[in-house]
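Remarks on the overall topology
Here is what each chain is made of, one letter per residue.
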Amino acid sequence: MSEEQIRSLEKQFDERILRDEKIEPKDWMPEKYRKTHIRQMSQHAHSEIVGMLPEGNWISRAPSLRRKVALLAKVQDEAGHGLYLYSACETLGVSRDELYDQLHTGKAKYSSIFNYPTVTWADMGAIGWLVDGAAIINQVPLCNTSYGPYARAMIRVCKEESFHQRQGFEIMLKLANGSPEQKEMAQDALNRWWWPSLMMLGPTDDKSVHTEQSMKWKLKRKTNDELRQQFIDQTVPQANILGLSIPDSDLKWNEERQSYDFGEIDWDEFWQVVKGHGPMNKERMKARVGAWERGEWVRDAAMAHAEKKEERKEKQAV
Amino acid sequence: MSNKKNWPLWEIFVRSKNGLEHRHFGSLHATDAEMALENARDVYTRRNEGVSIWVVESKHITASNPEHNGELFEPAQDKVYRHPTFYDLPDEVKHM
């Protein structure tokens, strides 16, 4: 194809997105669109899969059966979300194996928030309330994104996600209204998860390299800073209901902006964690790669079994 | 590394309730049809989304090429006479 032809196709493509038309797997698309989508969707899928690890840590130690079934269901949902997203990603011609390989070799990223440890039961509450809360803010606009399979996966993910946040908030509420020790545990979890949750919404707009292109393709409908502000404005009143305090001395209602002003985020910490130096990066990858490798013989055996069954069926048919 | 054979991809169709058609829900990997059904139950119907599941190995699906959409679908565009509004009837004929 000549460059001129490509330019004309790209123009038509941009116009389709502008008209709110969806792009489907077999449609022509610019190579950059394909690559960017593989990157973002796979990062998203990896985050769901790695995201199971910090919570898996507490399933066997949940304080009651009610909490245990809820946490199990939540972690199972995350596996499901990972699978929806991997499938959507595969429609762009990349194989599941390549995607896993990118995760396992560290070539692909996942959300930096999962590189923090879950040291108390209250962390299950804080993750559901804050981390899933921030994830919802990120994900809801993606239900309208331009790539059909991604948008459809996100609609399903968002439907399931609100239970996650509610179960987290309920855990926080129970602890916050419990004994002084329990309340302290809830406050401690909020102290540790607050700033990483703000970072989770991504670098500030002036540092975000993909924003402009992503906005055009509706991979992003709001900038990181807008999403962060929305998250803060919606979460502060919830902390008040819990009777817990947000660990930010600069947090203050701004009457003029009708929004909260907030303190400086420690971006050095964010970049350290992104680069692999967070408290749990190594541990998470070790657990993930280990599970994948230990499961290899099972996957191979299942495949061999299926082939044997198929052969037997063919022989009987003769 | 073992001589790797990847699990094939399956397309999953779910009937959400009797009276409705099966609809495409997504895809997943499984070694055979039976496992595809079991996995589909866990991946796509955790909240009573279905009463029936079809699984089809993706390689068996033949899809039309969007580049041929013109020749495939455009001929229908100028056949307005296939629509009821094409026909002029007096107002007295109320419902037809």
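Predicted, not measured: the structure shown is a model, and the values here were computed from it.

**Quick notes on the overall build of chain A**
Helix and strand content of chain A: 13 helices and 2 strands. A compact globule built from 318 residues should have a C-alpha radius of gyration of about 20 Å, and chain A, at 22 Å, falls within 12% of that. Dimensions of chain A, computed from the C-alpha atoms along their principal axes, are close to 75 × 55 × 35 Å. Looking at chain A as a whole, 51% of its 318 residues qualify as buried.

**Things to note about unusual backbone geometry**
All names here are of chain A. In this structure, aspartate 20 takes a positive phi of about 70° despite not being glycine. Within the element layout of this structure, aspartate 20 appears in the loop between α1 (3-18) and α2 (31-50). Classification of aspartate 20 as exposed rests on a relative accessible area of 51%. Within the chain, lysine 218 stands out as a residue other than glycine whose phi angle is a positive 60°. Within the secondary structure layout, lysine 218 lies in the loop between α9 (211-216) and α10 (224-242).

**What to know about the packing of helix α12 (residues 281-294) of chain A against helix α13 (residues 296-317) of chain A**
The geometry of a pair of packed helices is captured by two quantities: the angle between their axes and the separation between those axes. All names here are of chain A. Between α12 and α13, the shortest axis-to-axis distance is 4 Å and the interhelical angle comes to 35°. Note on element contacts: α13 touches α12 through Glu296, Trp297 and Arg299, opposite Trp292, Glu293 and Arg294. In terms of residue class, the contact of α12 with α13 is made up of 2 nonpolar, no polar and 4 charged.

**Thoughts on the side chain of glutamate 57 of chain B**
Within the secondary structure, glutamate 57 of chain B sits in strand β3 (residues 52-57). Not counting residues up to four positions away in its chain, the partners in contact with glutamate 57 of chain B are Pro8, Leu9 and Trp10 of chain B.

**Remarks on the interface of chain A and chain B**
Opposite the 23 residues of chain A that make contact, chain B presents 23 residues. In total, chain A and chain B occlude about 2,000 Å² of area from one another, counting both sides; carbon and sulfur atoms represent 46% of this. Interface area lost by chain A to chain B is led by Lys26, Arg156 and Met303 of chain A, which between them contribute 25%. Across the chain A-chain B interface, the total number found is 6 salt bridges. Measuring nitrogen to oxygen at the nearest pair gives 3.3 Å for the salt bridge that ties glutamate 34 of chain B to lysine 309 of chain A. Listed by contribution, the elements that provide at least two residues to the side of chain A that touches chain B are α4 (65-90), α5 (96-104), α7 (148-176) and α13 of chain A. Of the residues assigned to the side of chain A that touches chain B, the class counts are 6 nonpolar, 4 polar and 13 charged.

**A look at the nonpolar core**
Among the nonpolar cores identified, the biggest contains 93 residues, and Trp193 and Trp194 of chain A together with Leu28 of chain B are the most heavily contacted of them. Setting aside residues up to four positions removed in sequence, leucine 28 of chain B forms contacts with Ser87 of chain A together with Pro8, Leu9, Trp10, Ile12, Ala36, Asn39, Ala40, Val43 and Tyr44 of chain B.

Parameters and conventions
Residues numbered from 1 in each chain as written. Chains lettered and ligands numbered in written order. Predicted model: local features only at pLDDT ≥ 70, side-chain atom pairs only at ≥ 80, totals over all residues. Heavy atoms only, no water. Helix = DSSP H or I, 4+ residues; strand = E, 2+ residues; numbered from the N terminus. Rg over C-alpha atoms; globule rule 2.2 N^0.38 Å. Buried < 20%, exposed > 50% of the residue type's maximum accessible area, 1.4 Å probe, protein only. Axes fitted to C-alpha atoms, helices over the stretch in contact; angles between N-to-C directions. Contact = heavy atoms within 4.5 Å. Nonpolar A, V, L, I, M, F, W, Y, C, P; charged D, E, K, R; others polar. Buried area = accessible area lost by both parts, 1.4 Å probe. Salt bridge = Lys/Arg side-chain N within 4 Å of Asp/Glu carboxyl O. Core = buried A, V, L, I, M, F, W, Y, C linked by side-chain atoms within 4.5 Å.

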